[in-house]
Amino acid sequence: MARPRIEDNMNLKLTTAMMTMMLLCSALAGCAGSDDEIELDNADGGYEYASNVDNHRMLMGDVCDIKEAAENHDWDGVKEIYTDGVHAEKSDGSYRTLEGFASAAGKNHAYDAFYGADGSLDAFVMAAIDGTGMFAGASDSVREQAVEKGVQNQIMTAYAIHELNSAIAKAEAGNFGTDDAQHAWDEGWAFYHGPDDADANYDGCSPYATGDKRAGNFGTTVSDTDSTAKANAAILVAMNEGLAALQAEDLAGATAARDTVVKN
């Protein structure tokens with residue numbers, strides 16, 4: 001029987017090493033940027049959750065991805081994230097989506113009544129994505145701004161208001177628990193602030209972040225040394241007071257806190 005040549009052994013070792021490296025790279029690629037690396041503790045931005053809203057606050061990752069795709073004028077990519085979802089996976093394997101909320105009728109916010117149409121926010125964002133309706137013939141830059149502001153500041157704010165109103169409705173029905181009113185209240189903060197993991201910076205894509213940015217523009221920060229928007233500071237106080245009120249089954253206190261948040 002012929003003995004293997006030295007070069008055959010070398011080639012076999014090289015091939016084996018290359019395959020091993022490819023497998024390792026594939027494994028690492030699967031982990032890089034995954035939601036498993038996001039550190040979700042039980043608090044964000046000074047608010048401590050009473051229930052698990054991890055899935056809800058991860059929706060802010062979709063907002064960040066949409067903003068990046070919009071800045072690159074990748075409209076197919078924007079639409080896919082908007083309609084299918086990426087980060088907010090539910091327990092059944094489906095994904096919470098920005099379009100799902102924006103297009104739904106009968107939600108506990110005043111946007112559809114104001115604009116006189118169900119799914120009014122979805123109609124606005126989809127027109128900007130597709131370059132149709134009021135955005136027919138608009139430049140990519142105009143559509144980019146409409147999409148970014150639509151998902152970050154309109155839809156996520158509507159989400160937050162809907163959940164706070166839902167919390168009050170549950171409390172009015174006597175359902176104050178962590179699976180009911182307190183959970184909905186937590187969702188309100190999750191949608192307004194988002195997760196504050198430093199590596200992901202998802203909270204930088206939130207309505208809260210816009211509030212701080214505009215406060216810097218217009219001189220409405222807490223102080224010269226605290227760049228927090230006065231409105232955001234008031235919202236945080238009211239969110240914590242509202243949760244405490246729900247935990248104490250104090251409907252009047254929770255309702256007053258909701259009104260303060262919406263006002264700000």
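Only a predicted model underlies this, so the values are computations on that prediction, with no experimental measurement involved.

Attention now moves to the overall build of the chain. If you tally the helices and strands in the chain, you get 12 helices and two strands. Along the chain direction, N to C, the helices and strands of the chain fall in the order α-β-β-α-α-α-α-α-α-α-α-α-α-α. Long-range pairs, those at least 24 residues apart, make up 62% of the contacts in the chain with a sequence separation of at least 6. With the model as given, the accessible surface of the chain reaches about 13,700 Å², and the carbon-plus-sulfur share is 52%.

Below, the discussion takes up the packing of aromatic side chains. For the coordinates displayed, the defined rule picks out nine aromatic pairs. Measuring from centroid to centroid gives 5.4 Å for F124 and F135, while their planes differ by 75 degrees, and the two rings are edge-to-face. Of the two residues, F124 sits in helix α7 (residues 120-130) while F135 sits in the loop between α7 and α8 (140-172), which places them 11 residues apart along the sequence. Judged by relative accessible area, which is 8%, F135 ranks as buried. Ring geometry for Y159 against F191: centres 4.3 Å apart, planes inclined by 65 degrees, an arrangement best described as edge-to-face. Taken as a pair, Y159 in helix α8 and F191 in helix α9 (residues 181-193) lie far apart in primary sequence, 32 residues in all. For the residue pair Y159 and F191, the accessibility class agrees, reading buried in each case. Among the aromatic residues, those joined into a ring-pair cluster are Y47, Y49, W189, Y192 and Y208. One Lys or Arg, R143, reaches over the ring of W75 and ends 4.3 Å from the middle of that ring.

Attention now goes to the environment of F124. Considered as a pair, F124 and A146 are 22 residues apart in the sequence and their alpha carbons are 8.2 Å apart. Leaving out residues up to four positions away in the same chain, F124 has contacts with M134, F135, A146, G150 and Q154.

This part covers the state of the cysteines. Counted by the stated rule, this structure contains one disulfide. Residue pairing for C64: its cysteine sulfur links by disulfide to C205, the two sulfurs lying 2.1 Å apart. Where C64 bonds to C205 through sulfur, the torsion about that S-S bond is close to 115 degrees, and the disulfide is right-handed. Of this pair, C64 sits in helix α3 (residues 59-71) while C205 sits in the loop between α9 and α10 (207-218); the two residues are 141 residues apart in sequence, bridging distant segments of the chain. One exposure class covers both C64 and C205, and it is buried.

Right, let's get into the pattern of salt bridges. This structure, assessed with the given rule, holds five salt bridges. In this structure, D54 and R57 form a salt bridge, with 2.8 Å as the shortest nitrogen-oxygen distance. Separated by three residues within a single helix, D54 and R57 lie in helix α2 (residues 54-57), roughly one turn from each other. In this structure R57 comes out as buried when scored by relative accessible area, which is 2%.

Conventions and cut-offs
- Just so you know, the residues in each chain are numbered from 1, in the order the chain's sequence is written.
- Only residues with pLDDT of at least 70 are given local features in this predicted model, and only at 80 or more are side-chain atom pairs given and counted; all residues enter the totals for whole chains, interfaces and linings.
- Processing note: side-chain calculations cover all non-hydrogen atoms of the structure and skip hydrogens and water entirely.
- Secondary structure elements follow DSSP: runs of H or I no shorter than four residues count as helices, runs of E no shorter than two count as strands, and numbering proceeds from the N terminus.
- Here, two residues are considered to be in contact whenever any of their heavy atoms come within 4.5 Å of each other.
- Residue burial considers only the protein chains on display, and all accessible areas are found by Shrake-Rupley using a 1.4 Å probe.
- Classification of ring pairs uses Phe, Tyr and Trp, with its six-membered ring standing for Trp, and accepts pairs whose centres are within 6.5 Å; under 30 degrees between planes counts as stacked, over 60 as edge-to-face, and the remaining range as tilted.
- For the exposure calls, accessible area comes from a 1.4 Å probe over protein chains only, and a residue counts as buried if that area is under 20% of its type's maximum, exposed if over 50%, partly exposed in between.
- Remark: a charge is flagged as sitting over a ring if the NZ atom of Lys or the CZ atom of Arg is within 6 Å of the ring centre and within 35 degrees of the ring normal.
- In plain terms, two cysteine sulfur atoms within 2.5 Å form what is called a disulfide here.
- One side-chain nitrogen of Lys or Arg within 4 Å of one carboxyl oxygen of Asp or Glu is enough to make a salt bridge.

By themselves, these are just geometric observations and shouldn't be taken as functional.
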